[in-house]
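Working through the structure, step by step
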Amino acid sequence: MYVRLLIMMALAIALLPSDRARAAQASALPDELALRGDAFIEVLLNGAPVRLEVSAEAFGPPIVNPDLAARLQLVATGQRGWLFGPVSVPGWSSVETIDFGAGAQTMTISWADRPVSTRADGLIGVHNLPHKRITFELAAPVSGERTHIFTLARAGGRNNARLGTEVTVGKRRLMMVFVPERAENLITAPTANFIATHLDGGFVPGSDGTAIMDFAVERPTRTMRIARPLELGELLIDKFAVRVEDYGDPKRVGEIGENDPRFRKGQILVSRRKGRGKPDLLTRIGHDQIAHCSRLTYDVERREIRLFCADRQE
């Protein structure tokens, strides 16, 4: 009887998955993450289930809400802060364990004393995800769509990393970040000065607005049109929301007058204005610009951003 029990125990142990087998099972993460509608993912943070909102606009380490940081008893080992022009949001960071479904890994996590998301436990950028491809499914695909391919660029270094593509304006490279969760194309005041001096831009009268940034920070904006559209592949970008009080004054943009000759069809312009200041050269491309597109894919492995779009109806 005793011998039979030992044999059964040995068989049971043999049938248990080995450490190597368990590691293989844990690493079975799909190559592609498809995000439909509200872009949320479920992860384990220090072993606790957490829901994070995926943002193409987010930069730097993932950010969690302060109530989650308190619940998980996160202990700050470093300081972290976010600037939105004159508005400063101080915060903290620490190295924690996170599991996307392929086993735990360490990653810097940050938080502030105000929530970064009202829909989830926190916010995570595309650049933080371990998948080879991340696709935002924006709308139902239609027949005749074309694929637009852009070279994927990484900017911001370790602390402020973000993914986008680049386009040359004058002698500088603009970083273009696709942000389907934001409606407008958004830039700061010095970048507006830079674009306006190269592509002849002006403010649209009566176009005051508000941009909502992370942590629900509100920044005043005005709409700027440019006479010569900025060409991003086959996308023609001619309108921006300008954060008029952030990092400078857009005094070189000027105003668009009634029947402004710069915006007459077929008009050829050569700008003689000189750009000044130090623009951040960052442009957020919003949903309105790519409303005719059904999918946005970040292919990290191939270093490509792909947009699947129908012909735009003007």
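In case you missed it, the structure is sitting above this.
Structure report, in brief. All values reported here derive from a predicted model rather than from experimental measurement.

Spatial strand order, E1-E9-E20-E21-E10: 5 strands in an open sheet with mixed pairing. In the strand order of this sheet, the two ends are held by strand E1 (32-36) and strand E10 (146-151), each with one partner. On average, adjacent strands in this sheet sit at an angle of 15° to one another, irrespective of strand direction. As paired elements, strand E20 (residues 293-299) and strand E21 (residues 304-309) share 6 bridges and run antiparallel to each other. When the bridges of E21 are listed, Tyr-298 appears paired with Ile-305.

The next point concerns the nonpolar core. For soluble globular proteins, the rule of thumb is that nonpolar side chains tend to be buried together. In this structure, Ile-41, Phe-136, Phe-178, Met-224, Leu-230 and Tyr-298 are the most contacted members of the largest nonpolar core, which totals 60 residues. If you tally residues by element for this core, the top one is helix H4 (residues 189-199), at 5 residues.

Inspection of the entire model under this criterion finds 20 salt bridges. Of the charged contacts in the structure, one is a salt bridge between Arg-182 and Glu-57, with a shortest N-O distance of 3.1 Å. Here the residue Arg-182 occupies a position in the loop between strand E13 (172-179) and strand E14 (186-188), and Glu-57 occupies one in the loop between strand E3 (48-55) and strand E4 (63-64), the gap between them amounting to 125 residues. Just as Arg-182 is buried, Glu-57 falls in that class too. For Arg-146, the salt bridge is made with Glu-234, and the minimal N-O distance between the two is 3.1 Å. Within this pair, whereas Arg-146 is found in strand E10, its partner Glu-234 is found in the loop between strand E17 (218-232) and strand E18 (235-243), the two being separated by 88 residues in sequence. In this structure Arg-146 comes out as partly exposed when scored by relative accessible area, which is 40%. Several salt bridges converge on common partners, so that one network encompasses Glu-57, Arg-182, Glu-184 and Arg-284.

Parameters at a glance
- Numbers given to residues run from 1 along each chain, matching the order in which its sequence is written.
- This being a predicted model, a pLDDT of at least 70 is required before a residue's local features are given, and a value of 80 or more before pairs of side-chain atoms are given or counted; all residues contribute to the totals for chains, interfaces and linings.
- Water and hydrogen atoms were dropped before computing side-chain values, which therefore reflect all heavy atoms in the structure.
- The pairing criterion for strands is at least two bridges between them, as found by DSSP.
- Secondary structure elements follow DSSP: runs of H or I no shorter than four residues count as helices, runs of E no shorter than two count as strands, and numbering proceeds from the N terminus.
- Interaxial angles span 0 to 180 degrees and are taken between N-to-C directions of axes, which are lines fitted to C-alpha atoms, for helices over the stretch in contact.
- We call a set of buried residues a nonpolar core when its members are Ala, Val, Leu, Ile, Met, Phe, Trp, Tyr or Cys and they connect through side-chain atoms within 4.5 Å of each other.
- For the exposure calls, accessible area comes from a 1.4 Å probe over protein chains only, and a residue counts as buried if that area is under 20% of its type's maximum, exposed if over 50%, partly exposed in between.
- Just to be clear on terms, a salt bridge is a Lys or Arg side-chain nitrogen sitting within 4 Å of an Asp or Glu carboxyl oxygen.

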